[in-house]
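These are the residues of each chain, in order.
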Amino acid sequence: MAPGAGGAGNVMAPDAVSTPLLLPDTTAGVREIVGGAFAAREPLRIQGAGTWRQAGPPVCSLRTLSLAGLAGIIEYVPGDLTLTAWSGTTLAELSHATAAHGQWLGLDPAGARHGTIGATIATASAGPLAHAFGTPRDLVLGLECVTGYGEVVHAGGRVVKNVAGFDLVRLNTGAWGTLGPVTALTLRLRAVPVHDVTLAIRVDGEAHLATLLAILRAPTMSFLAMEWVDGDTARRLGVGDGTDIVLVRLGGNDAFVRGQRAAIENAASCAPTDPAVWAALATRDALAAVVARFSGPVSGLPSRIGMLRALRSRCQGSIVLHATVGRGIVRLIADEAEAPVRDVLSATAADERVIVERQPDAWWDDAPDAFATGLAGRVRAAFDPAHICNRRQAAHA
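Remember, it's a predicted structure, so these values are computed and weren't measured experimentally.

Here the focus is the nonpolar core. Core analysis: the largest hydrophobic core is formed by 41 residues, its most contacted members being Val246, Ile264, Phe294 and Val341. In contact with Val246, other than residues within four places in its own chain, are Leu199, Ala200, Ile201, Val203, Leu209, Leu216, Met226, Glu227 and Trp228. If you look at the next biggest cluster of nonpolar residues, it comprises 29 residues, including Ile117, Leu168, Leu224 and Val379.

Note on sheets: strands pair through backbone hydrogen bonds, and any given pair is parallel or antiparallel. Taken in spatial order, the 3 strands make up an open sheet running 1-3-2, and their pairing is parallel. Of all strands in the sheet, those with a lone pairing partner are strand 1 (21–22) and strand 2 (44–47), marking the two edges. Pairing of strand 2 with strand 3 (residues 63–66), which is carried by 4 bridges, proceeds in the parallel orientation. Across the sheet, residue Ile46 finds its bridge partner in strand 3, namely Leu65. Sheet strands in contact with helix 1 (residues 27–40) are strand 1, strand 2 and strand 3, and its direction is about 155 degrees off that of strand 3.

Before going further, it helps to examine the pattern of salt bridges. Pairing of side chains with opposite charge becomes possible as their charged atoms draw close. Tallied over the entire structure, the rule returns 19 salt bridges. Notably, a salt bridge pairs Asp232 with Arg235, separated by 2.3 Å at the nearest N-O pair. Placement of both Asp232 and Arg235 in helix 8 (residues 231–237) is noted, with a separation of 3 residues, approximately one turn of the helix. Take Asp232: its relative accessible area is 25%, and that puts it in the partly exposed class. Arg235 sits in the partly exposed class, given a relative accessible area of 43%. Arg331 is paired through a salt bridge with Asp285; the nearest N and O atoms lie 2.9 Å apart. With a gap of 46 residues between them, Arg331 in strand 17 (residues 329–334) and Asp285 in the loop between helix 10 (277–282) and strand 15 (290–294) connect regions that are remote in the sequence. Classification of Asp285 by relative accessible area gives buried; the value is 4%. The network of salt bridges with shared partners includes Asp285, Arg293, Arg331 and Glu357.

Before going further, it helps to examine the sheet that holds strand 4 (residues 73–77). Taken in spatial order, the 5 strands of this open sheet run 4-5-9-7-8, and their pairing is antiparallel. Of all strands in the sheet, those with a lone pairing partner are strand 4 and strand 8 (152–156), marking the two edges. On average, each strand axis in the sheet is inclined to that of its neighbour by 10 degrees, with strand direction left out of account. Along the sheet, helix 1 makes contact with strand 5 (82–86), strand 7 (140–146), strand 8 and strand 9 (182–188), crossing strand 7 at roughly 50 degrees. Together, strand 4, strand 5 and strand 9 form the strand contacts of helix 2 (residues 91–99), whose direction differs from that of strand 4 by roughly 30 degrees.

Contact pair helix 7 (residues 205–216) / helix 11 (residues 301–313): the axes reach a minimum separation of 9 Å and the direction vectors enclose 155 degrees. Compared by their axis directions, helix 7 and helix 11 come out roughly antiparallel. Pair helix 7 / helix 11 crosses with right-handed handedness. Each of Glu206, Leu209, Ala210 and Leu213 in helix 7 lies in contact with helix 11, whose residues at this interface are Pro302, Ile305, Gly306 and Arg309. Taken together, the residues of the contact of helix 7 with helix 11 sort by class into 5 nonpolar, 1 polar and 2 charged.

Take the packing of aromatic side chains next. Tallied over the entire structure, the rule returns 2 aromatic pairs. Between Trp104 and Phe133, the ring centres sit 5.9 Å apart and the planes meet at 85 degrees, which makes this aromatic pair edge-to-face. Highlighted residues: Trp104 in strand 6 (residues 103–104) and Phe133 in helix 4 (residues 130–133), separated in sequence by 29 residues. Judged on exposure class, the residue Trp104 and its partner Phe133 are both buried. Positioned above the aromatic ring of Phe38, the side-chain terminus of Arg41 is 4.3 Å from the ring centre.

Thresholds applied
- Residues numbered from 1 in each chain as written.
- Predicted model: local features only at pLDDT ≥ 70, side-chain atom pairs only at ≥ 80, totals over all residues.
- Heavy atoms only, no water.
- Core = buried A, V, L, I, M, F, W, Y, C linked by side-chain atoms within 4.5 Å.
- Buried < 20%, exposed > 50% of the residue type's maximum accessible area, 1.4 Å probe, protein only.
- Contact = heavy atoms within 4.5 Å.
- Pairing = 2+ DSSP bridges.
- Helix = DSSP H or I, 4+ residues; strand = E, 2+ residues; numbered from the N terminus.
- Axes fitted to C-alpha atoms, helices over the stretch in contact; angles between N-to-C directions.
- Salt bridge = Lys/Arg side-chain N within 4 Å of Asp/Glu carboxyl O.
- Parallel < 35°, antiparallel > 145°, perpendicular 65-115°, else oblique.
- Left-handed = near helix turned anticlockwise from the far one by under 90°.
- Nonpolar A, V, L, I, M, F, W, Y, C, P; charged D, E, K, R; others polar.
- Phe/Tyr/Trp six-rings, centres within 6.5 Å; stacked < 30°, edge-to-face > 60°.
- Lys NZ or Arg CZ within 6 Å of the ring centre and 35° of its normal.

The structure is reproduced here in C-alpha cells:
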C-alpha cells in the first residue's frame, strides 16, 4: 500500500474469514460496489470462488467482493477457437463445454478444477502445459474489468490478432486483483490432440538432467508438456521407484506421436505411464504451508534444482519439487513452514523471478509489496488510485 492511500478516518480491519461477503451477479453490481468503496475509501478483498483464499499476502479489507456469482459462458465460437466467460466460471465448467467440440483451454494450473478462471488469470498461474501453449498472458485475448474507482473497461477482443492500444489485458493478468476485479475473459482455445501419451524418463542427477535437456529441447522435439519431478514425489505419485524422472506429454496424430516417442527412446530410458499423473501433480499443493515458484534461464535449471534439493535436506517435513523444464520454472511445495524455507524465501524476497503463492502471514514481512512501488506502483496508481482492491495490510506494505 502506498502511504496514505486509504484516506483519513478509515478503520482498517485485518482481513478475516468473517469479513462480510458481497456477491454480485452482474458487472453493474460489481461496478456499484467498487464505486461505493472508492467513494468511502474502504478497502475490498477481491476473490473468485474463495477456493484459494490463503494464497497471496494478507490484505486489509472491510468487506469481501466475491466474483463467484458471475459464472457461466457468455459466448463460445468453436470455429474461431475462442470462448468468452464470466470470471467466476470454474475450470471444470470450461473443460466440459469445450470438450464437446473437441477443444480445450491449454491451461492446467495447480489446484482443483473447481477453481475459477478469474483467479487463475489474476494470479497468472500456469501448469506443465505452459511448455507448449505459454502462460496465461498468451491465452487471454480480451477482458472486462472494473477499475479501482468504479469504471467498467473493456480491453483486447475476441480475435486472436489484436495489438492495438494499451495492453490492459496483460497488465491485469498476474496483477492479483490490484488493478480492480476482472469480470469477464475471452480465451484462446486449442484442438484436443488425437493421441495424448505420457512417458516417464529416468534422470540420474543434475548432470544427467543437463544432458537430457540438450536432447529434449532440440528443434525436432515438440511436446505438450515436459516436467521434471523429484524421485520421492515420483514414487508417491506411483510413476517411479525413487529416481528423479522427466514426464513428457506427447500430443498429435498417430505418426507424429510415434515419431516423437521413437526419438525419445533412442536417447533415454523411458516408459509409458498413466496420464492421470498430471492431475495428481496439480493437486499436490492443496494443503501445503508454503508454495513458491523459482524462475530463471533454462540452462540454470539443474543448479536451481540442486539448490532447492539442498534446502530440502535441511528440513524435517515433506518438500516436493517439480519443474516445467522448457520454461525453467521450479515449483517448491512445503507441507510445513520451517525456518530453512523461510531463510531461502527471505534471501530471495527482492528477486522478481521468485513468486511466492502461499506462506504464513508473518513471513510476508520479509517481502516488499510488488504493486506499491516502481512501474507496477505507477500503473496501480492509474487504475486503483486509492488502493481499494486487495490492499496489503499496513504492516506488510
